[in-house]
Amino acid sequence: MEKKPYLVRRELPPREVSSLSLALLLAAVLLLNALLYLYLNKFYTSSGHAEMDPGLCPFGHFKLGTVKNCSPWLSCEAMNREVRKLKCVGEGAVKKVFLSEWKENKVVLSQLTNSELKEDFLHGLKMLKALQSKHVVRLLGYCEQQFTILTEYHPLGSLRGLNETLHMPKYKGMNTWHRRLMLAIDYVSVIRYLHSSPLGTLVMCDSNDLDKVLSQYLLTSDFHILVNDLDALPLVNRSAGRLVKCGHRELRGEFVAPEQRWPYGEEVPFEDDLMPPYDEKTDIWKIPDVSNFFLGHVEGSDIVRLHLFDIHAACKKKDPAERPSAQEVLDTYRKVLTLLVREAAMPGTREML
């Protein structure tokens, strides 16, 4: 009787199986790292603008909406002829803000309301012109004679409404630790830009409490942050021995930096002439509190806070000289993002290796 042939299953030795699994795992990790590098590189260079050339237009020009060509900043005559006010959407100590329309585009027209503060208004215009970049709201035109400024409109408004926006059905998918950390990175990027601006080291003085800070920034439709109010940006010049003071009144509270508070106790009445000046490290002191707002209370935000604990502790050093620079804070934030994205993409990789 003829014997039927049969197949013999060849079992790989345990060592070969282990080596193959390890090789596949390493290949997966390398592929993940390559994809992660491409993603983060895209993120770091995102926003669609060159740092000093918003909308890829030369200085003194802008590009709005789907228009391909750059236009020169609108003059007094052009603004009077082509811009139509729709409604008042805000008013502060210096100016009134109107939602307006220009060539079927929504725009924002700011108008001085207090003639005693015209120097502040003109200073803000000067800063807006000089600091045009991916970090600053886009200037469309101005008229010094009439004390008016025209800027790009961002429907999501200031950062005051961030949490309300993220709870809207349309944006609920953005309400993650990842997106919130990216907003914090955007914020620190703005501070770093101001501290190393084309004009020198600028201090964000309109920042005496969290609500005031949030009101100075806009949230774009693609969830980036732009600084919008530049009325109070004094210049620090260490080589010339020039420091700054944010206003002429006494500042109180834990939000402002220690060096911004009256140093001589309650028994000595506050006098502006006796108040010591300070530098840009006041902005660094405030970064942890602002970032804490950005991170919110979503799943994973406490893990992010844990990773940022050391850099935030350094930001809160009482001695300003011991605090990190904005660039150092930004570098740390980016490293934390890279680490957490990698861990989220391949949980347990470290244990498997």
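A brief structural summary.

Thresholds, definitions, all that
- Residues numbered from 1 in each chain as written.
- Predicted model: local features only at pLDDT ≥ 70, side-chain atom pairs only at ≥ 80, totals over all residues.
- Heavy atoms only, no water.
- Helix = DSSP H or I, 4+ residues; strand = E, 2+ residues; numbered from the N terminus.
- Buried < 20%, exposed > 50% of the residue type's maximum accessible area, 1.4 Å probe, protein only.
- Contact = heavy atoms within 4.5 Å.
- Areas by Shrake-Rupley, 256 points an atom, 1.4 Å probe, with all protein chains shown as cover.
- Pairing = 2+ DSSP bridges.
- Expected span 1.5 Å × (residues − 1).
- Phe/Tyr/Trp six-rings, centres within 6.5 Å; stacked < 30°, edge-to-face > 60°.
- Salt bridge = Lys/Arg side-chain N within 4 Å of Asp/Glu carboxyl O.
- Axes fitted to C-alpha atoms, helices over the stretch in contact; angles between N-to-C directions.
- Parallel < 35°, antiparallel > 145°, perpendicular 65-115°, else oblique.
- Left-handed = near helix turned anticlockwise from the far one by under 90°.
- Nonpolar A, V, L, I, M, F, W, Y, C, P; charged D, E, K, R; others polar.
- Lys, Arg positive; Asp, Glu negative; His and termini not counted.
- Polar contact = N/O pair within 3.5 Å; in protein donor to acceptor, adjacent residues only side chain to side chain.

**A few points about the overall build of the protein chain**
- The number of helices and strands found in the protein chain is 11 helices and 11 strands.
- Going through the 353 residues of the protein chain one by one, you find that 44% of them count as buried.
- Partitioning the intrachain contacts of the protein chain with sequence separation of at least 6 by distance along the chain shows that 64% fall at a separation of at least 24.
- Surface accessibility of the protein chain: about 19900 Å² in total, with carbon and sulfur atoms responsible for 55%.

**Thoughts on the pairing of strand S4 (residues 95–102)**
- Pairing between strand S3 (residues 83–91) and S4: 7 bridges, direction antiparallel. Pairing of cysteine 88 across the sheet is with phenylalanine 98, part of S4.
- In textbook terms, the turn of a hairpin is the stretch between consecutive antiparallel strands, and for S3 and S4 this stretch comprises 3 residues.
- Where S4 folds back on strand S5 (residues 105–112), the antiparallel hairpin that results is connected by 2 residues, among which lysine 103 adopts a positive phi of roughly 50 degrees.

**Regarding helix H10 (residues 326–345)**
- Given a rise of 1.5 Å per residue, 20 residues ought to cover 28 Å, and the 29 Å separating the end C-alpha atoms of H10 matches this to within 8%.
- Within H10, the full set of buried residues consists of Ala326, Val329, Leu330, Tyr333, Val336, Leu337, Thr338, Leu340 and Val341.

**Some remarks on the packing of aromatic side chains**
- Taken as a whole, this structure holds 10 aromatic pairs when the rule is applied.
- Considering the side-chain rings of phenylalanine 59 and tryptophan 73, the 5.2 Å spacing of their centres and the 70 degrees angle between planes classify their relative orientation as edge-to-face. Of the two residues, phenylalanine 59 sits in the loop between helix H1 (14–44) and strand S1 (61–62) while tryptophan 73 sits in the loop between strand S2 (71–72) and helix H2 (76–82), which places them 14 residues apart along the sequence.
- Residue classification places tryptophan 73 among the buried residues on the basis of a relative accessible area of 15%.
- What links up through ring pairs into an aromatic cluster is the set Tyr187, Tyr217, Phe293 and Phe294.

**Focus: the pattern of salt bridges**
- Per the stated rule, a full pass over the model turns up 16 salt bridges.
- Ionic pairing is found between aspartate 229 and lysine 95, a salt bridge with its closest N-O pair at 3.7 Å. In this pair, aspartate 229 sits in the loop between strand S10 (225–227) and strand S11 (235–236) while lysine 95 sits in strand S4, placing the two residues 134 residues apart along the sequence.
- As a salt-bridge pair, aspartate 211 and arginine 160 come within 3.0 Å of each other at their nearest N and O atoms. You can see aspartate 211 sitting in helix H6 (residues 210–215) and its partner arginine 160 sitting in the loop between strand S7 (148–152) and helix H4 (162–166), a full 51 residues away along the chain.
- The exposure class of arginine 160 is partly exposed, given its relative accessible area of 45%.

**Quick word on the packing of helix H5 (residues 177–195) against helix H7 (residues 281–295)**
- Between H5 and H7, the shortest axis-to-axis distance is 9 Å and the interhelical angle comes to 160 degrees. The angle between the axes of H5 and H7 places the two elements in the roughly antiparallel class. For the pair H5 and H7, the sense of crossing is right-handed. Judged by residue contacts, Arg180, Leu181, Leu183, Ala184, Tyr187, Val188, Ile191 and His195 of H5 engage Asp283, Ile284, Ile287, Val290, Ser291, Phe293, Phe294 and Leu295 from H7.
- Here the contact of H5 with H7 is composed, by residue class, of 12 nonpolar, 2 polar and 2 charged.

**What to know about the side chain of lysine 281**
- Note that lysine 281 resides in helix H7.
- There is no salt bridge for the buried lysine 281, and the closest opposite charge comes from glutamate 280, which lies 5.6 Å off by N-O distance.
- At 2.7 Å, the side chain of lysine 281 and the backbone oxygen of arginine 323 are in polar contact.
- In this structure lysine 281 touches Glu259, Pro320, Ala321, Arg323, Pro324 and Ser325, once residues within four positions along its chain are discounted.

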